[in-house]
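# A look at the structure
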Amino acid sequence: MPSKLSEDFQAPVHLKHQDFTSLQELPDSFAWTQRNDDDSHYPSIGDSISEHVPVIDLFDPNALQLIGRACKTWGVFQVTNHGVPSTLFDNMEYITKTLFSLPVQQKLKASRSPDSVTGYGVARISSFFPKQMWSEGFTIVGSPVEHFRELWPDDYSKYCDGIKEYEEEMKKLAGRIMWLTLGSLGVTKEDIKWAGPKGDFQDSSAALQLNHYPACPDPDRAMGLAPHTDSTLFTILYQNNTSGLQVMKEGAGWVTVPPVPGRLVINVGDLLHILSNGLYRSVLHRVKVNRSRQRISVAYLYGPPSNVKIAPLSKLVGPSEPPLYRSVTWNEYLGTKAKHFNKALSSFRICAPLNVTV
Ligand SMILES: O=C(O)CCC(=O)C(=O)O
Ligand SMILES: [Fe+2]
């Protein structure tokens, strides 16, 4: 993960950190719809929608094809049989809950500083929306020791160890999913130099995003996390037992991804969209909140080594399939996303040449 995303990701002054526990009613600054709105501007879910995000057993002999189909049609899938012990998720959930239940003043000691991306704060995309989101987050790149020392002066090291263990396990899983995904595109180890000598994506970059969505007095009018795509190759998402994540499916609308123990959600991000020349689409997703239960999620944001330029894979382009995107490093992409948010991906699009007949 690049050490500096961009100062543009910092929340403007009006986005104050909120003590959610003190709010009995939804303040206007958090109300995304009016009371009795027909909700047409912000369509509600359909738990009635009969479509389900594909679930793929990583040991299924057809895993490659299943992943390929899911990436093309959904831009998201869930995995089972991923080999990550459930105790690791239990521990991450414990760390995340413990962190967010600290008093606000304590959490603010570990705030994201203006020249950095790590630490406690509101969602980075907040500055693009007129209303505030009903959530708080904590971003980790590498070791969180500096911030954790502020949060837990006496026993920060046990929390740091838990994060390290989780990051190591996610890195292994991400390498596996990367090869399955590339395999589904017909790409082999020879085609990806940046996988490193052992082919294990040792130099890949990543960040860990802990999210907390407190119980909300007026959940239908609030927004946990506004619609966005991730600026990653892909994201590995763990969610606790409170649902809220929804993905946009063309032709179906918002589809809820209910949490099921043992399953992880894999979101295709913008860089995989570019790498696959638009064949695999980054998925638009958002998070709704709950009246009585808090939601926790842990997103492992996975990207290429910082010096690698991501461009459409040469195997996927040719005279009849021209490259649709310019090459870009993760850092450059994050900088553009910070300025242009959901227009970032299209800003890297190469305009189709005009068919001029002389
Ligand atoms: O909380 C969730 O389910 C989604 C989080 C997310 O989209 C993100 O951190 O980018
Ligand atoms: Fe996301």
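These numbers were taken from a predicted model, which means no experiment stands behind them. (Residues numbered from 1 in each chain as written. Chains lettered and ligands numbered in written order. Predicted model: local features only at pLDDT ≥ 70, side-chain atom pairs only at ≥ 80, totals over all residues. Heavy atoms only, no water.)

Time to look at the overall build of the protein chain. Each helix and strand counted, the protein chain has 8 helices and 12 strands in total. Put simply, the protein chain has 358 residues, and 53% of those count as buried. Pairs at least 24 residues apart make up 77% of the contacts formed inside the protein chain by residues separated by at least 6 positions. About 16,700 Å² of surface is accessible on the protein chain, with carbon and sulfur atoms providing 52% of the total. (Helix = DSSP H or I, 4+ residues; strand = E, 2+ residues; numbered from the N terminus. Buried < 20%, exposed > 50% of the residue type's maximum accessible area, 1.4 Å probe, protein only. Contact = heavy atoms within 4.5 Å. Areas by Shrake-Rupley, 256 points an atom, 1.4 Å probe, with all protein chains shown as cover.)

This paragraph deals with the UniProt feature "domain: Fe2OG dioxygenase" (unreviewed entry) in the protein chain. Those residues carrying the UniProt feature "domain: Fe2OG dioxygenase" (unreviewed entry) are residues 203-304 in this numbering. A helix fraction of 6% and a strand fraction of 44% characterise residues 203-304, whose end C-alpha atoms lie 8 Å from each other. (UniProt positions renumbered as here; feature names shortened; annotations may be inferred.)

Surveying the vicinity of ligand 1 reveals 13 residues, the closest of which are N211, Y213, H285, R295 and S297. A distance of 3.0 Å separates an oxygen atom of ligand 1 from a polar side-chain atom of N211. At 2.6 Å, a side-chain N or O of Y213 approaches an oxygen atom of ligand 1. Coverage of ligand 1 by the protein chains reaches 94% of its 290 Å² of free accessible surface. (Near = heavy atom within 4 Å. Polar contact = N/O pair within 3.5 Å; in protein donor to acceptor, adjacent residues only side chain to side chain.)

Coordination of the iron ion (ligand 2) by the protein involves H228 (NE2), D230 (OD) and H285 (NE2), with metal-donor separations of 2.1 to 2.2 Å. The motif formed by the donor residues of the iron ion (ligand 2), counted along the single chain, is H-x1-D-x54-H. (Donors = N, O, S within 2.8 Å, 3.2 Å for Na, K, Ca; no water.)

We now examine the environment of L185. Of note, L185 is situated in the loop between α5 (156-184) and β5 (205-213). Residue contacts for L185: discarding those within four places in its chain leaves S276, L279, Y280, L313 and L316.

Our next topic: the pattern of salt bridges. What the rule picks out here adds up to 11 salt bridges. Put simply, E169 and K172 hold a salt bridge, and the shortest N to O gap is 3.6 Å. Here E169 pairs with K172, and both are found in helix α5, just 3 residues apart, close to one helical turn. (Salt bridge = Lys/Arg side-chain N within 4 Å of Asp/Glu carboxyl O.)

With that settled, consider the side chain of E167. As for its position among the elements, E167 is in helix α5. One buried charged side chain, E167, makes no salt bridge at all; its nearest oppositely charged neighbour is K164, positioned 8.4 Å away. When sequence neighbours within four positions are dropped, the list of residues in contact with E167 reads I140, G142, L208 and Y300. (Lys, Arg positive; Asp, Glu negative; His and termini not counted.)

A word on the layout of surface pockets. Computed from the structure, the largest pocket encloses a volume of approximately 490 Å³. If you go around the largest pocket, you meet 27 residues; those closest to its centre are H273, R281, S282, V283 and L284. Breaking the lining of the largest pocket down by element, the ones donating at least two residues are α1 (63-73), β8 (245-249), α6 (270-275), α7 (330-340) and α8 (344-347). Looking at the lining of the largest pocket residue by residue, the classes come out as 11 nonpolar, 9 polar and 7 charged. (1 Å grid on protein atoms, 1.4 Å probe; cavity = no way out; pocket = protein on both sides within 12 Å on 5 of 7 lines; lining within 4 Å. Points joined across faces, edges and corners; volume = space filled by probe spheres on them. Nonpolar A, V, L, I, M, F, W, Y, C, P; charged D, E, K, R; others polar.)

Another point: the packing of α1 against α5. In a packed pair of helices, the relevant descriptors are the angle between the two axes and the axis-to-axis distance. Following both chains from N to C, one finds α1 and α5 inclined at 80 degrees, their axes separated by 8 Å at the closest point. The angle between α1 and α5 falls in the class roughly perpendicular. Counting all contacts with α1, which are made through L64, I67 and G68, the residues of α5 involved are L180, T181, G183 and S184. The residue inventory of the contact of α1 with α5, partitioned by class, reads 3 nonpolar, 4 polar and no charged. (Axes fitted to C-alpha atoms, helices over the stretch in contact; angles between N-to-C directions. Parallel < 35°, antiparallel > 145°, perpendicular 65-115°, else oblique.)

Counted according to the given criterion, the structure contains 18 aromatic pairs. Considering the side-chain rings of Y300 and Y302, the 6.2 Å spacing of their centres and the 25 degrees angle between planes classify their relative orientation as stacked. When its relative accessible area of 1% is taken as the criterion, Y302 is described as buried. Cluster of aromatic residues (ring-pair linked, three or more members): Y94, F138, F148, W152 and Y159. (Phe/Tyr/Trp six-rings, centres within 6.5 Å; stacked < 30°, edge-to-face > 60°.)

So, on to the nonpolar core. Proteins that are soluble and globular tend to have nonpolar side chains buried together. Core analysis: the largest hydrophobic core is formed by 71 residues, its most contacted members being F138, F148 and I236. Among residues more than four places away in sequence, those in contact with I236 are M170, L173, A174, I177, L264, V265, I266, V298, A299 and Y300. If you look at the next biggest cluster of nonpolar residues, it comprises 33 residues, including F30, V76, Y213 and L237. (Core = buried A, V, L, I, M, F, W, Y, C linked by side-chain atoms within 4.5 Å.)

A separate point is the sheet that holds strand β2 (residues 76-80). Ordered in space as β1-β2-β10-β7-β12-β5-β4-β3, the 8 strands form an open sheet in which the pairing is mixed. The two strands at the open ends of the sheet, each matched to only one other strand, are β1 (55-57) and β3 (119-121). Recorded for the sheet is a direction-independent mean angle of 25 degrees between the axes of neighbouring strands. As paired elements, β1 and β2 share 3 bridges and run parallel to each other. The residue bridging V55 from the neighbouring strand is Q78, located in β2. (Pairing = 2+ DSSP bridges.)

For strand β12 (residues 295-303), the buried fraction is high: 9 of the 9 residues fall into the buried class. In this sheet, β12 lies alongside β5 in antiparallel orientation, the contact comprising 9 bridges. Bridge pairing in β12 places Q209 opposite A299. Strand direction decides the pairing type here: strand β7 (residues 234-239) and β12, joined by 6 bridges, are antiparallel. If you follow Q239 over to β12, its bridge partner there is S297.

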